[in-house]
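# Examination of the molecular architecture
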Amino acid sequence: MDEINVKKLKAFAVRIRMGTLEAIHSLGSGHLGGSLSIADVLAVLYGREMKVDPKNPAWPERDKLVCSKGHAGPAVYSTLANLGFIPYEELKTLNRPGTRLPSHCDRNKTPGVDMTTGSLGQGTSLAAGMALGDRLRGYSSRTFLIVGDGESNEGQVWEAFSFAAAKKLSNLVVLLDWNKRQLDGYTDDVLPMGDYVAKFNAFGFDTVKVDGNNVEELAKALERTRQGGDKPYAIILDTVKGAGIPEVAETVMNHSYTVDDDRFRRYMAGLEAQLQELEG
Ligand SMILES: Cc1ncc(C[n+]2csc(CCOP(=O)(O)OP(=O)(O)O)c2C)c(N)n1
Ligand SMILES: [Mg+2]
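Quick look at the structure, then.

With that settled, the discussion passes to the site of ligand 1. The immediate surroundings of ligand 1 are formed by 18 residues, with Lys69, His71, Gly118, Asp149 and Lys241 found nearest. Between ligand 1 and the protein, one listed contact pairs an oxygen atom with a side-chain N or O atom of Lys69 at 2.7 Å. One of the backbone N or O atoms of Gly118 is found 2.8 Å from a nitrogen atom in ligand 1. Against a free-state accessible area of 590 Å², the protein chains account for coverage of 76% of ligand 1.

Quick look at the sheet that holds strand 7 (residues 206-211) now. If you walk across this open sheet you meet the five strands as 2-3-4-8-7, and the pairing is parallel. Looking at strand neighbours, the two that pair on one side only are strand 2 (64-67) and strand 7, the edges of this open sheet. The mean inter-strand angle of the sheet, taken between neighbouring strand axes irrespective of direction, is 20°. Helix 5 (residues 122-137) rests against strand 2, strand 3 (143-148) and strand 4 (172-178) of the sheet, and its axis sits at about 170° to strand 3. Strands in contact with helix 9 (residues 215-224) are strand 3, strand 4, strand 7 and strand 8 (233-238); relative to strand 7, the strand with the most contacts, it is inclined by about 170°.

Our focus in this paragraph is the coordination of the magnesium ion (ligand 2). Donor atoms from the polypeptide that bind the magnesium ion (ligand 2) are Asp149 (OD), Asn179 (OD1) and Arg181 (O), placed at 2.0 to 2.1 Å. In primary-sequence terms, the residues that donate to the magnesium ion (ligand 2) follow D-x29-N-x1-R.

Quick look at the nonpolar core now. Counting residues in hydrophobic clusters, the biggest one holds 60 residues, and the most contacted among them are Leu21, Leu45, Leu65 and Leu175. Per element, the largest residue contribution to this core is ten residues, and it comes from helix 1 (residues 6-27). Excluding residues that lie within four positions of it along the chain, Leu65 makes contacts with Leu42, Leu45, Tyr46, Met50, Val76, Asp114, Met115, Phe144 and Ile146. Grouped together as the second largest cluster of nonpolar side chains are 23 residues, Ala131, Leu172, Phe200 and Phe205 included.

Glancing now at the pairing of strand 8. In terms of burial, strand 8 is a largely internal element, five of the six residues being buried. Sheet analysis places strand 4 next to strand 8, joined by six bridges and oriented parallel. When the bridges of strand 8 are listed, Asp177 appears paired with Leu237. Judged from the six bridges that link them, strand 7 and strand 8 form a sheet pairing that is parallel. When the bridges of strand 8 are listed, Val208 appears paired with Ile235. Taking the sense of rotation as the criterion, the β-α-β connection linking strand 7, helix 9 and strand 8 turns out right-handed.

Within this structure, the stated rule accounts for 18 salt bridges. The residue Glu279 makes a salt bridge to Arg15 at a minimum N-O spacing of 2.9 Å. Taken as a pair, Glu279 in helix 11 (residues 261-279) and Arg15 in helix 1 lie far apart in primary sequence, 264 residues in all. For Glu279, a relative accessible area of 44% gives the class partly exposed. Among the residues examined, Arg15 registers a relative accessible area of 31% and is labelled partly exposed.

Turning to helix 1, a few remarks are in order. The terminal C-alpha atoms of helix 1 lie 32 Å apart, and with 22 residues this matches the ideal 32 Å at 1.5 Å per residue to within 8%. Helix 1 sits mainly inside the fold: 16 of its 22 residues count as buried. The first or second residue beyond helix 1 is Gly28, which carries a positive phi of 110°.

Parameters at a glance
Residues numbered from 1 in each chain as written. Chains lettered and ligands numbered in written order. Predicted model: local features only at pLDDT ≥ 70, side-chain atom pairs only at ≥ 80, totals over all residues. Heavy atoms only, no water. Near = heavy atom within 4 Å. Polar contact = N/O pair within 3.5 Å; in protein donor to acceptor, adjacent residues only side chain to side chain. Areas by Shrake-Rupley, 256 points an atom, 1.4 Å probe, with all protein chains shown as cover. Pairing = 2+ DSSP bridges. Helix = DSSP H or I, 4+ residues; strand = E, 2+ residues; numbered from the N terminus. Axes fitted to C-alpha atoms, helices over the stretch in contact; angles between N-to-C directions. Contact = heavy atoms within 4.5 Å. Donors = N, O, S within 2.8 Å, 3.2 Å for Na, K, Ca; no water. Core = buried A, V, L, I, M, F, W, Y, C linked by side-chain atoms within 4.5 Å. Buried < 20%, exposed > 50% of the residue type's maximum accessible area, 1.4 Å probe, protein only. Right-handed = clockwise from strand over helix to strand, strands pointing away. Salt bridge = Lys/Arg side-chain N within 4 Å of Asp/Glu carboxyl O. Expected span 1.5 Å × (residues − 1).

Geometric descriptors of this kind do not, in isolation, establish any biological role.
Here is the structure:
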């Protein structure tokens, strides 16, 4: 196993949260809760696991990310900005006229965004097709797919997973963001999905569940997915919607969230303190 630099990955996750906050504050409000819940997995994906090149974002043999919960675009953009795919200052153009950073991910607009998403469910089929396409081309590339728990209420999601298992797409890694909440409340109240591990296993996946806001657990689970085999992988991310900013996490309805100047200052100070503790 490669050495896991936990402090470095944690600091990257904090920086992803900072950039996300910058972007959403510049607009006044946005999808903060669901962006924050995936900051840690993005840090481990782009900080350790994925083969990408900020100078050549369209390199065909790169690993690919499909953020099927496309409303978490701000977290993806912050990740890309922190790595130099786009200038950091550009985060402040989120969803403005003419921007390269629309509220939902668009592969035709943003360098480093591998697939257009936003209509929930569809990214799953696209990711399965991308993984199959890369395999047919003989690439060693892998596709990482982030799906929301509310999104998994969509039937298309399970059709795509059946397809991925039938095609033995071990170059596909599904990351299910089990943050227990969706747009208008708790997933268990809207449409409970039961035991995700049992479900994915029944669909023919190699499945594990981890604390999705713990970079070390994430790194180990992702490292396991390098071994190939004949099954696609699923990692159930037990996360908190709003993770990393306590006041946001404690607000049940944090799907779309207002970030005024006062909140911005207070939340950014909290994140800076986290960074200080990690980096001194
Ligand atoms: C097909 C479709 N239906 C409805 C929406 C509106 N919508 C955007 S986000 C969202 C909730 C998604 O919940 P979840 O997948 O749990 O995302 P997260 O909690 O990670 O933000 C909904 C219903 C959409 N984007 N696409
Ligand atoms: Mg959710």
